[in-house]
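Per-entry structural report
Each chain is listed here by its residues.
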4 protein chains.
Amino acid sequence: MKTWQITRFGIDALELVERPVPAPGPGEVLVRWRAQSLNYRDLIIVDGSYIPQLPLPFTPLSDGAGEITAVGAGVTAWKPGDRVIGHYIQSWLDGAPTPENTRLSLGAPLPGVLTEYSVLPEHGLVPLPAHLTFEEGATLPIAALTAWNALFIHGDVAPGSTVLLEGTGGVSLFALQLAHAAGLRTIIISSSDEKLARARTLGADETINYRTVPAWSRRVRKLTNGAGVDLVLDIGGPATFTEALRAVRLGGRIAVIGFLSGTALELDTIEFMRTLATMHGIRVGSRAMFRDLLRALERHRLKPVIDREFSLTEAPAAFRHLASGAHFGKVVIRTGE
Amino acid sequence: MKTWQITRFGIDALELVERPVPAPGPGEVLVRWRAQSLNYRDLIIVDGSYIPQLPLPFTPLSDGAGEITAVGAGVTAWKPGDRVIGHYIQSWLDGAPTPENTRLSLGAPLPGVLTEYSVLPEHGLVPLPAHLTFEEGATLPIAALTAWNALFIHGDVAPGSTVLLEGTGGVSLFALQLAHAAGLRTIIISSSDEKLARARTLGADETINYRTVPAWSRRVRKLTNGAGVDLVLDIGGPATFTEALRAVRLGGRIAVIGFLSGTALELDTIEFMRTLATMHGIRVGSRAMFRDLLRALERHRLKPVIDREFSLTEAPAAFRHLASGAHFGKVVIRTGE
Amino acid sequence: MKTWQITRFGIDALELVERPVPAPGPGEVLVRWRAQSLNYRDLIIVDGSYIPQLPLPFTPLSDGAGEITAVGAGVTAWKPGDRVIGHYIQSWLDGAPTPENTRLSLGAPLPGVLTEYSVLPEHGLVPLPAHLTFEEGATLPIAALTAWNALFIHGDVAPGSTVLLEGTGGVSLFALQLAHAAGLRTIIISSSDEKLARARTLGADETINYRTVPAWSRRVRKLTNGAGVDLVLDIGGPATFTEALRAVRLGGRIAVIGFLSGTALELDTIEFMRTLATMHGIRVGSRAMFRDLLRALERHRLKPVIDREFSLTEAPAAFRHLASGAHFGKVVIRTGE
Amino acid sequence: MKTWQITRFGIDALELVERPVPAPGPGEVLVRWRAQSLNYRDLIIVDGSYIPQLPLPFTPLSDGAGEITAVGAGVTAWKPGDRVIGHYIQSWLDGAPTPENTRLSLGAPLPGVLTEYSVLPEHGLVPLPAHLTFEEGATLPIAALTAWNALFIHGDVAPGSTVLLEGTGGVSLFALQLAHAAGLRTIIISSSDEKLARARTLGADETINYRTVPAWSRRVRKLTNGAGVDLVLDIGGPATFTEALRAVRLGGRIAVIGFLSGTALELDTIEFMRTLATMHGIRVGSRAMFRDLLRALERHRLKPVIDREFSLTEAPAAFRHLASGAHFGKVVIRTGE
């Protein structure tokens, strides 16, 4: 089978190699991937900045959808032909996160899915909803589940609440669609008027170009009668956090999801205490959350926004496209033909 | 001013009398009611079955909307001309219910609003949203707030959750509209196919005629792939509770709201423990909840379903219409002309 | 190995048979039980009233502690010699209860632990705290975890809250000790002044003999300045529920745990709604909760209350002793010598 | 009556002036203060660093206890002679904090209580528990309520949870006593071995001198078997936050309470997301929380730790003593004789 791997860090180092198809042991299944999707995390894993001590060679990527082609002894959950999606944090099935259950994630430390076949434990998958293609299903494991967790597990929202979203990457667009389906009001910021216009077609109620309105928290305040938003999904990190904190209402919430612009945050304690905000770190989610997410997607026939699709052999180009920041929605790889 | 009162129990005993317009004291406002709405509670107050020891004469009704016509000393929240809705449990402003804060409700023990003018404390009102008429605003205080409380305070729902609603009275229809706006899946039961058809136009996903399908919990199970619903708003009491308990999913919730069919419930403990359900009694809600409800109504431009409007002088006919059970939505009285 | 089983229902039908010691498969461990404890559930399983269709022959009992004597392939959590306690609902590891994760419990439908050895999956056990003997550890799986779940998962209590406990069986005494350790105020009822005196030595703040004070809810109200208690752990079912509902404060909670006196509950809907209480069914708990319970027991060096110990060959006498209702705390079987 | 005020910023600027005793209006009461206590907040208000635009002259201090000496028209909650404590955020009675209900606090923006008499609305007070003196009651409004809020409203703790406390000021010592009463395990850090020894007599389970162990998070990890603590009450701000974040368990909580060492926090986003911690800003609490706190204090007969008492005329010395940082517990002023 074809497998991408790196033996040193860098997108240029990605090489397509041939490996034998593995066989599932007891309690395991063999999945033939039909599509994968990329996340920002994959970029910093491949370039070595996220986990410098990552053992090489390594096959990257966390998100994949495909079909079961073989099952090991004792497997009852699946049979060959079942359409499935990989669950990112394989060991986190239910309940609150713990050091034990958050240990094993696909695409580091576990081998990634940028390959034709993987063997996974039977509990490491969820069913692909009937209304979704493999390509669409492959976009969900990290970005959609992160959005779900931030909105509905930690978000404390109800119809009429206002949510602030940053940028038009995978997490923000899933959050936009899910928030819209939940009757929440959405405000989204981006540096591109064109992207903002597309966000409106997905249900965004208000849009702000943060390039032309750098002090965008004031605009947000105005749009919320001075109150501020109930929830921010902060993707930007240092570049956005200060404005995010100014945009959130007293007693509101900030989901800390990303660090696109760096990792060292300046937090003004007095301002933080004045907002009485709650900040949560969000790390994707459990399989139980994933099942609830799928139920919501099915209920609303929601379709992920795919920016562009690449073939398996074009994987390096897919990485470069994501790195360019030009995308609107998810970057996908088609593996089957 | 014209005021309806009873000096003995019974709809026949309602009499229209003339009273002087009261004057607001410090911290109080004078409201000129423009519309009122009826609840099942008003029926059993007027017929004496709910509070046999109610001191007479008594002016009934809990729900009203109108405008401020005068303010007492020290009032800062309102000025003459402001459009307002009365808050049912006047003393419950925020937080959890307590014996102290749930004591004072309009329409017993406090005098009701079936009159042209009332004096209320300034905190006993909320603003009428701009997109609603007085008639529409008058439908909200009990029925809409009860639905909000059951769904979003006690309901533990997220997009994709399924909610079961009973009948097409005020609470159930508000719950239907709010649940639909929140991306929840709704199943509604009624004895009338015609009412069920109208419920579909309001967003009901599934409908069941409980007259033709008496064991409707089985139908509900089928519609939820055997799982059962996440939440039931039980209005019926004894007549519906056993089926409701069979319709709820393991770990689901039952909001106990009404007792249309009586008050003595037979609860099978083993069945209750098998479902691991949570049962809550719901008593309308606080003013803080009312404000959140209004924000959601504004966000979605939701319009209450008014079954029929009567003039102030036709009040007894309005009571009889509600008692007939023929209504679909709220029964309203127009007070101003 | 020695194993108790029934081939027909009834304590008289318990027979001690010889069976080969089983061997652990991949992911499994062999436990040599050193002690077991009985629960009310075991009585109604053995007499056939709880699960009439139980396949026979059947080995009863859910609670056991012992040591690992062998581990199967791939087991990393345990090694021979480790002191362990069985986890009652083997499949419920974490998160909320679901139909899937609450399916497999020891002592029905899974074979019970009234035997010298059992094979269990490696996740089906928790470590026995160092300060506890096997006999003490064997009392925990159902009774202590039920008390923990009712108090700290569903109970919504804080220091100064008042908890009402019924009787002096395992759940109530564990709840008494845990509540006392958590700074809660406890009121316990019993039909025996002698048992109540012993409850005081375990930390009970107030005691009521429900035989001499049948309308004990009034006494509870007096002891709480008229407010009522924050939480009731209702063990009695029909015989106690009505008083329990009268004893709980407005907005308080009732954990529905048992049905010692029958299963058909009369619930007055109006009274239920007046209290605005929340009723939860409690079914023991997850392994994650069990670990938190153990941490609390270790922190406070809490020792379970053992009423009486029997040897393995005296098992039927242990059942009869529990059935007599004379016990104060847990009835234990010593299996090892 | 005697009143302290500042007409310019600085402890030196405090001057004792004579003012007429005010009279309560409708719904108001006159309180004769018998004791007050100081908080760090008072220091930075008097020195002008917290609210530079504070209108002068201004009477500082937020915490006081005393007795009702007169009541205005319509007051039903109190009568002359009642022993009371002032509620710090006068307008926050119940529910979640909002811009409206957190506006009016004693000691800025409202006039403070460093005076012999104040007029307050009748809802701006709570009853002084019988087991407490005026001096003890005066220590509660800010420090004890902040500790309660952080532990039991936002803390998500259960018996056996571990709480980390910083220093031996009012909040930390109240948290120590309350956590101990709740069966929590406590770890406290201080720069003084003598203070740590005294903390042990109040129930501290573990103590760390952060001067001799600057990287104290490692010690905390060791004391918790590598897991980290469940909750940190961070008082220190920048000087302690980084270690606090390293000391908290995965999924744990950090209550952000103070900024003794400055206001600009460096937050490493990746480290924050690795802990999946939740950070809350805590601003004292509502009157409903205050009542729950009082109930717990009464239940456990808890006595506040008073460091030192000053007479009313010695107020500037009390400020200087607090500023020195030498205190262990609360600094109190006795007003009556």
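Residues numbered from 1 in each chain as written. Chains lettered and ligands numbered in written order. Predicted model: local features only at pLDDT ≥ 70, side-chain atom pairs only at ≥ 80, totals over all residues. Heavy atoms only, no water.

Let's shift gears to unusual backbone geometry. A cis amide bond, omega 0 degrees, links A:A108 with the succeeding residue A:P109. In this structure, B:V284 takes a positive phi of about 55 degrees despite not being glycine. Mapped onto the elements, B:V284 comes out in the loop between β14 (278–281) and α9 (287–300). (Helix = DSSP H or I, 4+ residues; strand = E, 2+ residues; numbered from the N terminus.)

This brings us to the sheet that holds strand β9 (residues 185–190) of chain B. What the 12 strands build is an open sheet, ordered β10(B)-β9(B)-β8(B)-β11(B)-β12(B)-β14(B)-β14(C)-β12(C)-β11(C)-β8(C)-β9(C)-β10(C); its pairing is mixed. Strands at the two margins of the open sheet, each flanked by one partner only, are β10 (206–209) of chain B together with β10 (206–209) of chain C. Direction aside, the axes of adjacent strands within the sheet are offset by 15 degrees on average. Relative to strand β11 (residues 229–234) of chain B, strand β8 (residues 162–166) of chain B is paired through 3 bridges, and the arrangement is parallel. Residue B:V163 lies in a different strand from β11(B), and its bridge partner there is B:L231. Helix α6 (residues 216–223) of chain C rests against β8 (162–166), β9 (185–190), β10, β11 (229–234) and β12 (248–256) of chain C of the sheet, and its axis sits at about 160 degrees to β10(C). (Pairing = 2+ DSSP bridges. Axes fitted to C-alpha atoms, helices over the stretch in contact; angles between N-to-C directions. Contact = heavy atoms within 4.5 Å.)

With that out of the way, let us pick up the relation of the copies chain A and chain D. Structural alignment of chain A on chain D gives an RMSD of 0.0 Å, achieved by rotating through 180 degrees and translating 0.0 Å along the axis. Interpreted geometrically, this transformation is the action of a two-fold axis. An overlap of 100% is found between the interface residues of chain A and their copies at the interface of chain D, pointing to a shared contact surface. (Least-squares fit on C-alpha atoms with pLDDT ≥ 70 in both.)

Counting across every chain of the model gives 52 salt bridges over all chains. Taking the shortest distance from any N to any O, the salt bridge between C:E67 and C:R34 comes out at 2.9 Å. Residue C:E67 is located in strand β4 (residues 63–71), and its partner C:R34 is located in strand β3 (residues 28–37); the two are separated by 33 residues in the primary sequence. C:E67 gets classed as buried once you look at its relative accessible area, which sits at 19%. The salt bridge involving D:D156 is made with D:R253; its shortest N-O contact spans 3.9 Å. You can see D:D156 sitting in the loop between α3 (140–153) and β8 (162–166) and its partner D:R253 sitting in strand β12 (residues 248–256), a full 97 residues away along the chain. (Salt bridge = Lys/Arg side-chain N within 4 Å of Asp/Glu carboxyl O. Buried < 20%, exposed > 50% of the residue type's maximum accessible area, 1.4 Å probe, protein only.)

Turning next to the interface of chain A and chain D. Taken together, the contact between chain A and chain D spans 30 residues of the former and 31 residues of the latter. Of the roughly 2800 Å² buried at the junction of chain A and chain D (both faces included), carbon and sulfur atoms supply 64%. Between chain A and chain D we count 0 salt bridges in total. The tally of links from chain A across to chain D stands at 11 residue pairs in polar contact (both at pLDDT 80 or more). Counting residues per element, the ones that place at least two in the side of chain A that touches chain D are β12 (248–256), β13 (264–268), α8 (269–275) and β14 (278–281) of chain A. Broken down by class, the residue content of the side of chain A that touches chain D amounts to 17 nonpolar, 9 polar and 4 charged. For β13(A) and strand β13 (residues 264–268) of chain D, the ladder comprises 5 bridges, and the chain directions are antiparallel. Bridge pairing links A:L265 to D:L267 in β13(D). (Buried area = accessible area lost by both parts, 1.4 Å probe. Polar contact = N/O pair within 3.5 Å; in protein donor to acceptor, adjacent residues only side chain to side chain. Nonpolar A, V, L, I, M, F, W, Y, C, P; charged D, E, K, R; others polar.)

Turning our attention to helix α6 (residues 216–223) of chain A. Residue and element names in this part refer to chain A. When we look at burial in α6, the residues that qualify are W216, S217 and V220. Taken down its axis, α6 places every buried residue within 105 degrees of arc, on the same side. Exposed and oriented more than 90 degrees from the buried face of α6 are R218 and K222. Turning to α6, the residues buried within the fold contact β8 (162–166), β9 (185–190), β10 (206–209), β11 (229–234) and α7 (238–247). N225, located one to two residues past α6, shows a positive phi value of around 55 degrees. (Arc of directions from axis to C-beta.)

What follows is about the environment of B:P238. Relative to the helices and strands, B:P238 is located in helix α7 (residues 238–247). When the C-alpha atoms of B:P238 and B:R283 are compared, they prove to be 18 Å apart, with 45 residues separating the residues in sequence.

So, about the interface of chain C and chain B. Opposite the 31 residues of chain C that make contact, chain B presents 30 residues. When chain C packs against chain B, the two sides together hide about 2800 Å² of surface, and 64% of this comes from carbon and sulfur. Viewed at the interface, chain B and chain C are joined by 0 salt bridges. There are 11 residue pairs in polar contact (both at pLDDT 80 or more) connecting chain C and chain B. If you list the elements that add at least two residues to the side of chain C that touches chain B, you get β12, β13 (264–268), α8 (269–275) and β14 (278–281) of chain C.

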